[in-house]
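Summary of structural features
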Amino acid sequence: MPKVMAVNAGSSSLKYKLYQMPEEKEICSGMADKIGHEDAAFILKFNGEKHVETLPILDHTKAVALLLEALVKFGVVASLDEIECVGHRVVQGGKYFSKSAEFDPDTEHKIDILTPLDPLHAQAHLLGFRAFKKALPNVPAIAVFDTAFHQTMEEEDYLFPIPYEYSVKYDCRRYGAHGTSHNYLAILGEKNYGAKRIISCHIGSGSSLAAIKDGKCVATSMGLTPLGGVMMGTRTGDMDPSVMDYLATCTGKDVHELYDIFNKKSGFLGVSGVSNDTRDVEEADKSGNKQAQIASKLFARRVADYIGSYYVRLGGADLIIFSAGIGENSAYYRELILKDVEEALGLKIDYELNSKIRGKEALISLPESKIKVAIIPTDEEVMIARDCYKRIVDGRI
Ligand code: AMP
């Protein structure tokens, strides 16, 4: 039975899950955290036990070496030969990738030149890939892109109304993100609810919505980068672009400082002044904090606006899905959003049931609802594992 490794490498962390395929059985998972520091952590969860070690992990190569050592040491695998493919999550695939790809020198080069579109992750993904390649040189590796699922959008859905030459010359357009998650949700939405027109709400610390028809993405809320779309934990989402110029004049800050503020100090954090975490904002909101209350309403309104526009874009809808940290766990935010759209869309929701659901799949709409509404926990790693398995069976991806 082949084993495959799903990897998500960030600049200071490397998360992993080992699967047995085709059963999609998760064998172990964990991460190396605070890579680059003397007090980094290595975590392995296996057989119901969690092993944690604090030690220096100065680079990704060391993180991968520790992981492979641990797999043998704790008896997860008898030999590293059991790992038949490594799948790497890559955030930005730009115009080059509409599906997963062999992680060969050409893919490496394309990810490298896409760095300006994803300065936070691109180089980290390459570090993760190279570290595995060094440790397991004969094991095939694939890249699975967050943007790939959105490549089916039409020009009028992905272009910005800027001078056309900029769109062409600089590839400045909407790419979206969370595509692997939206794809997973679309598959389950069709399989479990027979839905063809799906509005998928991946709402967590980063949030995006996608309009999906017959399994293909027709529109998504994130833009050139994950800053676009709905309000998020620390990101603004969509705004009038003149906010940048106006605030530069008011505050004396330059474009780069403001861009950083729009990415890291806005959203729930900036509006509430409390936290980027909706658990804290919800608590403050309920205990009367005015800024927290407006943050909650602003978020719900933004998500509701997108649901409304995607309902129109899809010519109706069969299913609305809530997923990711907020969508799976927060009955409060689901209710705020649904209250904003239920009248227009003819939704009938079992709010009693909604209040009880946390972290598991459930249909929360009533039979008389014009559109079904479901909570579906997402699983991006299993999508990576599936592509790895395809690579093993077909010999290519
Ligand atoms: P994600 O990025 O999908 O892992 O989502 C993480 C975010 O989900 C956190 O920052 C919280 O804002 C939110 N979240 C997680 N659990 C809960 C919960 N029980 N109630 C409200 N929000 C939650």
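Anything mentioned here points back to the structure above.
Notes on the structure in this doc start here. Each chain carries its own residue numbering, running from 1 in the written order of its sequence. Only residues with pLDDT of 70 or above have their local features reported here, since the model is predicted, and side-chain atom pairs are shown and tallied only from 80 upward, although totals for entire chains, interfaces and linings are computed over all residues. Calculated side-chain values reflect all of the structure's heavy atoms, with hydrogen atoms and water omitted.

Time to look at the sheet that holds strand β2 (residues 13-20). Note on pairing: two strands pair once DSSP finds at least 2 bridges between them. Helix and strand assignments follow DSSP, with helices taken as H or I runs no shorter than four residues and strands as E runs no shorter than two, numbered in order from the N terminus. As summarised here, the arrangement of the eight strands in space is β5-β4-β3-β2-β1-β6-β8-β7, forming an open sheet in which the pairing is mixed. Each of the sheet's edge strands pairs with one partner strand only, and the pair in question is β5 (49-57) and β7 (101-102). Both β2 and strand β3 (residues 25-33) contribute to a ladder of eight bridges, which runs antiparallel. Bridging across to β3, Leu18 finds its partner in Cys28. Contacts were defined at the residue level, with two residues in contact if any of their heavy atoms lie within 4.5 Å. Comment: axis = line fitted to C-alpha atoms, over the contacting stretch for helices; angle = value between 0 and 180 degrees taken between N-to-C directions. Across the sheet, helix α2 (residues 105-113) is in contact with β6 (83-90), β7 and β8 (141-145); its angle to β8 comes to roughly 35°. Its contacts with the sheet put helix α15 (residues 380-394) on β1 (3-9), β2, β6, β7 and β8, and the angle it makes with β6 is roughly 135°.

Moving on to the nonpolar core. Among the nonpolar cores identified, the biggest contains 40 residues, and Ile307 and Ile320 are the most heavily contacted of them. Ranked by residues supplied to this core, first place goes to helix α11 (residues 290-313) with nine residues. In this structure, Ile320 is in contact with Ile199, Cys201, Ile307, Leu345, Leu347, Ile371, Lys372, Val373 and Ala374, ignoring residues within four places of it in sequence. Residues Ala9, Leu66, Leu67 and Phe132 belong to the second largest nonpolar core, which totals 31 residues. The set of buried Ala, Val, Leu, Ile, Met, Phe, Trp, Tyr and Cys residues whose side-chain atoms join them within 4.5 Å is what this entry labels a nonpolar core. Categorising residues by exposure relies on relative accessible area from a 1.4 Å probe, with only protein chains included: less than 20% of the type maximum marks a residue as buried, more than 50% marks it as exposed, and the intermediate range marks it as partly exposed.

Once that is clear, we can look at the sheet that holds strand β11 (residues 216-220). Reading across from one edge, β11-β10-β9-β12-β14-β13 is the order of the six strands in this open sheet, with mixed pairing throughout. Edge strands, defined here as strands with exactly one partner in the open sheet, are β11 and β13 (362-363). Where strand β9 (residues 197-203) lies against strand β12 (residues 319-323), five bridges are found, and the strand directions are parallel. The partner of Ile199 across the bridge, within β12, is Ile320. Helix α13 (residues 331-345) rests against β9, β12 and β14 (372-375) of the sheet, and its axis sits at about 170° to β12.

What follows is about the site of the ligand. Neighbouring the ligand are the residues Gly204, Ser205, Asp277, Thr278, Arg279, Ala324, Gly325, Ile326, Asn329, Ser330 and Arg358. Side-chain polar atom of Ser205 to an oxygen atom of the ligand: 2.8 Å apart, as the coordinates give it. Here a polar contact is recorded for every N or O atom pair within 3.5 Å, except that within protein the pair must consist of a potential hydrogen donor and a potential acceptor, and residues adjacent in sequence are included only if both atoms are side-chain atoms. Here an oxygen atom of the ligand and a side-chain polar atom of Thr278 are 2.6 Å apart. At the level of secondary structure, the elements contributing two or more residues to the shell around the ligand comprise α10 (278-286) and α12 (324-329). The element best represented in the shell around the ligand is α12, accounting for four residues. Here the shell around the ligand is built from residues that sort into two nonpolar, six polar and three charged. When at least one non-hydrogen atom of a residue lies within 4 Å of a molecule or strand, that residue is treated as near it. In this classification, Asp, Glu, Lys and Arg are treated as charged, Ala, Val, Leu, Ile, Met, Phe, Trp, Tyr, Cys and Pro as nonpolar, and every other residue, Gly included, as polar.

Keep in mind these numbers describe shape, not what the thing actually does.
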